Amino acid sequence: MQIYLPIAEVSVDAFLLLGLGGLVGVLSGMFGVGGGFLITPLLFFVGIPPAVAVATSTNQIVASSFSALLAHLKRKTVDLRMGSVLLVGGLIGSTLGLILFNYLRSLGQVDLLVNLFYVIFLGIIGFLMLFESVNAIRRARNPAGKRKPRRHHNWVHNLPFKIKFRVSGLYISVVPPLLVGVLVGVLSAIMGVGGGFIMVPAMIYLLGMPTKVVIGTSLFQILFVTSYTTMLHATTNYTVDIVLALLLIVGGVIGAQFGTILGLKLKAEQLRILLALLVLLVCGKLALDLLLQPSELYSVSVGEI
Amino acid sequence: MLRLLLLCLCFAGAARAETIVLGLSQDSVSITATFDGDDILIFGAVRRDAPAPTQSGDLGVIITVAGPDQRLSVYRKARRLGIWVNTQEVEVDHAPSFYAVATSGPIRDVLRDTSDLRDSITIPRAIRSVGTGVYDSEAFIEALIRIRGNADLYQTQIGGVDLEQDTLFRASFDLPANLTEGDYVARIFLTRDGVPIDESSTIIPVQKVGLERWLYNLAHADPLIYGFLSLIIAAAAGWAASAGFAMLRR
C-alpha cells in the first residue's frame, strides 16, 4: 500500500516502512540499542531525503526511549543528577550540531557530512564491538586468560568542579560528563541518532559509573536531547515527517517486543558479533558510496523561490 | 463530450481562421494520503470558420504541462582526498518542477526553433539559468534534464498527441507520485508549418488535501505546535506500547 508522506513529499510503501521500523525494533530489543544509527541509513536507501530522514528518526527515538525510560524509572536505575549534567551538555552539542548541519546544507554538503559521520562512527563502533566479543568468546573458552583490571582512578578524577553523584556513587568533576553530553548532542543533530552507542561506553569506562544505572541514565539524556533536536529540526528546517515517524514507531514498538524475546534465547556474545557485523555492513555500504565513482555525478537540490 | 464540443464550434464566431477548443479529464489533482500518481487527459478540437486551408503547410498540435517554477542548485561531484564530494555548483533560476511536452509529430515538423525560443516549448527552453560562472554549464542543465527525466518529472512524448482528421486531438499525461504542489499550466499550441497560429492555456491546480494538507500547513505555519504534536504522538505511542505489552504479559 503506497502512502504519500506529507513532509518528505514522496510516495513510499507503508508496509516497507512498518517493516523497517519492525526490523530495527527487533534489533533494538535484541541488543538493547536505540537503533537510530540503523534507521537513518535505511531511510536513505528507501529514498527519503537525508534531511527528513535525520530529523524524523530523532522523533522516532523519542518514542522508543520514552517507553524504555519509564521501565528504568520504576526500577530506580536512573541517576537524575548525572543525567541532567549530560543533558545540559547534550543541549549545547545539539545546538552546535544543528548550526553545522544547516550551514553545510546551505553549501550543498549535508549529505557528505552525514555520510562521513556515519562511516567514521559505525566503523569505529563496529570494529570495537567485533574485537570485544571475539575476545570475550576466547576468554570463555580459555578461562586461564588474564582479565584486565578496571582502573578506578584516571585523569577524569583529577579535574576541578567536583560534584557528588549519589545514585552512581561518584564524586567527580562535571567537566567530563558535560563534554560527553556535548559530543552526543552533536551526533544526535547530525546523524539522527540517540547516541547511546557512544554514551554508554563513555559512562562505564571514562566516568566509571556502575553498569546498572548506565542504561537508564543514558535513556534520560537521550529522551530530552532527541526531543530538543526534533523541535530544532521542526522549527528551522520543517523536516520532521509525522506520518513517517508514526509508521516507524508502530513497527519499532512491535518489533522491539519480539526482539526482547528473541534476545533471551540467543547467546549474548554471538548476538554481539552479529550486531557488529551488521553495523560494519551498513558502514561498508556507505563507505563504498563515498569511495567508488557514482553512476550519476550530478545531483539536484531544490531551493526556495 | 467530443461531439458536444464539435457542436459548440458551430455557434461561436471567431476572428482567426483556426482556433482551439479545449477540455480536461479533470479540473484539479488532489494529493491524498494514498496518492500514487495520476493520469490527466487533455483533449480538444480545432474550430474553423472556413474549410481547412490546403496550401499553408501541415497542421501540428503541441501540448505542454508545466509544474510550478523552482530555483535549483545542480551539483557535480569530483574526487577529493579519495572521496566523492560535491565540488561545483550551477544555480538554475527557473526550472519547472514538472514538465511534459507532447507533440502530434516529430518536433522539427511541428515546431520551428524560433517559435520554440519565443514560447519556451521544449524542455531545454523551459529551463532558464543565467550567469553561472562554470565554463560547461550546459552539462549541468543536461544532467538536470536527465535526472528529472529518469524520475518521470520531465517527459517528451513525440507523437503523444493523437490528431484525427486535423480536427480532434487528445493526449494523456502520467503525473508521477512525487509531484510538487501548485498551479500546473497546460498550454496547447496549434501550428501550421511549425509556426503557432493559435494558443490556449488552462490551469490545473495540484494540491494536497485532507490530512496531508493539514499536516503540511501546520508544519510550515506553526512549526512549534507541529514539533510538540510530533513529540506528544511519539511519547504517547511509546507509553501505550509499553503499557499494552505489560498488560499482555500479565
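Every value quoted in this text rests on a predicted model; they were computed, and no experiment measured them. (Residues numbered from 1 in each chain as written. Chains lettered and ligands numbered in written order. Predicted model: local features only at pLDDT ≥ 70, side-chain atom pairs only at ≥ 80, totals over all residues.)

Trainee: Which residues make up the overall build of chain A, and what values do they have?
Mentor: Scanning chain A for helices and strands turns up ten helices and five strands. For chain A, whose C-alpha radius of gyration is 20 Å, the value lies close to the compact-globule estimate of 19 Å for 305 residues. Restricting the contact set of chain A to residue pairs at least 6 apart, pairs at least 24 apart contribute 80%. (Helix = DSSP H or I, 4+ residues; strand = E, 2+ residues; numbered from the N terminus. Rg over C-alpha atoms; globule rule 2.2 N^0.38 Å. Contact = placed C-beta atoms within 7 Å.)

Trainee: So what's going on with the interface of chain B and chain A? Residues and values would help.
Mentor: Every contact between the two is made by 49 residues of chain B and, on the other side, 47 residues of chain A. Elements with a minimum of two residues in the side of chain B that touches chain A: strand 5 (69-80), strand 6 (83-96), helix 5 (137-150), helix 6 (210-221) and helix 7 (223-249) of chain B. With 16 residues, helix 7 of chain B is the single largest residue contributor to the side of chain B that touches chain A. Taken together, the residues of the side of chain B that touches chain A break down into 29 nonpolar, twelve polar and eight charged. (Nonpolar A, V, L, I, M, F, W, Y, C, P; charged D, E, K, R; others polar.)

Trainee: How would you sum up the domain arrangement of chain B? Please name residues and give values.
Mentor: Residues and elements named next belong to chain B. Domain parsing of chain B yields domain 1 (2-207) and domain 2 (209-250). The distance between the C-alpha centroids of domain 1 and domain 2 comes to 41 Å. Partitioning the side of domain 1 that touches domain 2 into residue classes produces two nonpolar, three polar and no charged. (Domains from an automatic or database assignment.)

Trainee: Residue-level account of the sheet that holds strand 4 (residues 59-66) of chain B, with values.
Mentor: Residue and element names in this part refer to chain B. Within the open sheet, the six strands sit side by side as 2-12-11-4-7-8. Their pairing is mixed. Each of the sheet's edge strands pairs with one partner strand only, and the pair in question is strand 2 (29-31) and strand 8 (154-157). Between one strand and the next, the sheet's axes are offset by a mean angle of 15°, whatever the strand orientation. Two elements, strand 4 and strand 7 (residues 99-103), share five bridges in a ladder whose sense is antiparallel. When the sheet's bridge partners are listed, Ile62 is paired in strand 7 with Thr103. (Pairing = 2+ DSSP bridges. Axes fitted to C-alpha atoms, helices over the stretch in contact; angles between N-to-C directions.)

Trainee: Can you lay out unusual backbone geometry for me, pointing to particular residues and giving the numbers?
Mentor: A positive phi angle, near 55°, is found at Tyr238(A), a position not held by glycine. Along the chain, Tyr238(A) falls in the loop between helix 8 (211-236) and helix 9 (242-265). At Asp166(B), a residue that is not glycine, the phi angle is positive and equals roughly 55°.

Trainee: Just give me the short version of the sheet that holds strand 1 (residues 18-24) of chain B, but keep the residues and values in it.
Mentor: Residue and element names in this part refer to chain B. The four strands lie next to each other as 1-3-10-9, forming an open sheet whose pairing is antiparallel. Each edge of the open sheet is held by one strand with a lone partner, namely strand 1 and strand 9 (162-164). The average angle at which neighbouring strand axes cross in this sheet is 20°, direction not considered. As paired elements, strand 1 and strand 3 (residues 38-48) share seven bridges and run antiparallel to each other. Following the sheet pairing, Leu22 is matched in strand 3 by Gly44.

Trainee: Provide a residue-level description of helix 5 of chain B, including the pertinent values.
Mentor: Given 3.6 residues per helical turn, the α-helix brings residues three or four places apart onto the same face. Taking 1.5 Å per residue as the helical rise, helix 5 of chain B with its 14 residues ought to reach 20 Å, and the 20 Å between its terminal C-alpha atoms agrees with that figure. Just past helix 5 of chain B, the residue Asp152(B) takes up positive phi, approximately 65°. (Expected span 1.5 Å × (residues − 1).)

Trainee: Can you explain the packing of helix 6 (residues 175-191) of chain A against helix 7 (residues 196-206) of chain A? Please cite residues and give values.
Mentor: All names here are of chain A. Relative to each other, helix 6 and helix 7 sit at 165°, their axes nearing to 10 Å. Put simply, helix 6 runs roughly antiparallel to helix 7. Judged by the twist between their axes, the crossing of helix 6 over helix 7 is right-handed. For the pair helix 6 and helix 7, the contacting residues are Pro176, Val180, Leu183, Val184 and Leu187 in the first and Ile198, Met199, Ala202 and Leu206 in the second. Looking at side-chain class alone, the contact of helix 6 with helix 7 contains nine nonpolar, no polar and no charged residues. (Parallel < 35°, antiparallel > 145°, perpendicular 65-115°, else oblique. Left-handed = near helix turned anticlockwise from the far one by under 90°.)

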